Amino acid sequence: MYAYILNRKAQVYLLKQEYKTALNYAYKSLSISEKINNQQGVVLALSTLTELHYVQKQPNDCTTSGERAINMATQIEFFPEEILESTKLIVSLFEKEGKLSQAIRYRKIYND
């Protein structure tokens, strides 16, 4: 529960555009979720990190956290709204980079 609260705090700071603080909370949430093997918590924290990296124009970090979140969500069959938003961000990045086959592959996730 504590990791979930940290992730929600990260989302609040993201909305306030206080990205450094948001990143700090998101990484803490991720760390705790990984330590206690809370896979849903890991997915949520990675989704938040995906959005944070996207708005900070960090495409490599965005793609890394986004793909990790999507892959884990697929494995555990956990698809909250956050993972769908992360998928859309990843698709957007791949389209901008001209990686259309990857964009199409991820687009199928939120179109299904």
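Residues numbered from 1 in each chain as written. Predicted model: local features only at pLDDT ≥ 70, side-chain atom pairs only at ≥ 80, totals over all residues. Heavy atoms only, no water.

### Structural notes on unusual backbone geometry
The phi angle of most residues is negative, glycine excepted, and most peptide bonds adopt the trans form. Look at Asn37: it is not a glycine, yet its phi comes out positive at around 55 degrees. Along the chain, Asn37 turns up in the loop between helix H2 (19-35) and helix H3 (39-55). Accessibility expressed as a relative area gives 59% for Asn37, which makes it exposed. The residue Glu77 is not glycine, and still its phi comes out positive at about 55 degrees. (Helix = DSSP H or I, 4+ residues; strand = E, 2+ residues; numbered from the N terminus. Buried < 20%, exposed > 50% of the residue type's maximum accessible area, 1.4 Å probe, protein only.)

### Concerning the packing of aromatic side chains
Summed over all chains, the structure comprises two aromatic pairs. On the numbers, 5.6 Å between centres and 15 degrees between planes, the contact of Tyr13 with Tyr25 is stacked. Pair noted here: Tyr13 is in helix H1 (residues 2-15) and Tyr25 is in helix H2, with a separation of twelve residues, a long-range link. With a relative accessible area of 17%, Tyr25 lands in the buried category. A ring pair is formed by Phe94 and Tyr106, whose centres lie 5.8 Å apart and whose planes are at 20 degrees; its orientation type is stacked. Residue Phe94 is located in helix H5 (residues 81-96), and its partner Tyr106 is located in helix H6 (residues 100-111); the two are separated by twelve residues in the primary sequence. There is no split in this pair, since Phe94 and Tyr106 are both buried. (Phe/Tyr/Trp six-rings, centres within 6.5 Å; stacked < 30°, edge-to-face > 60°.)

### Quick notes on the nonpolar core
Core analysis: the largest hydrophobic core is formed by 28 residues, its most contacted members being Leu49 and Leu52. Looking at this core, the elements that each hand over two or more residues are H1, H2, H3, helix H4 (59-76), H5 and H6. The dominant element in this core, judged by the number of residues it contributes, is H3, at seven residues. Setting aside anything within four residues of it in sequence, one finds Leu52 in contact with Leu14, Tyr19, Ala22, Leu23 and Ala26. (Core = buried A, V, L, I, M, F, W, Y, C linked by side-chain atoms within 4.5 Å. Contact = heavy atoms within 4.5 Å.)

### Section: the environment of Ile109
Mapped onto the elements of the fold, Ile109 is located in helix H6. Sequence spacing of Ile109 and Thr74 is 35 residues, and the spatial spacing of their C-alpha atoms is 9.1 Å. For Ile109, the contacting residues outside a window of four places in its chain are Ile70, Phe79 and Thr87.

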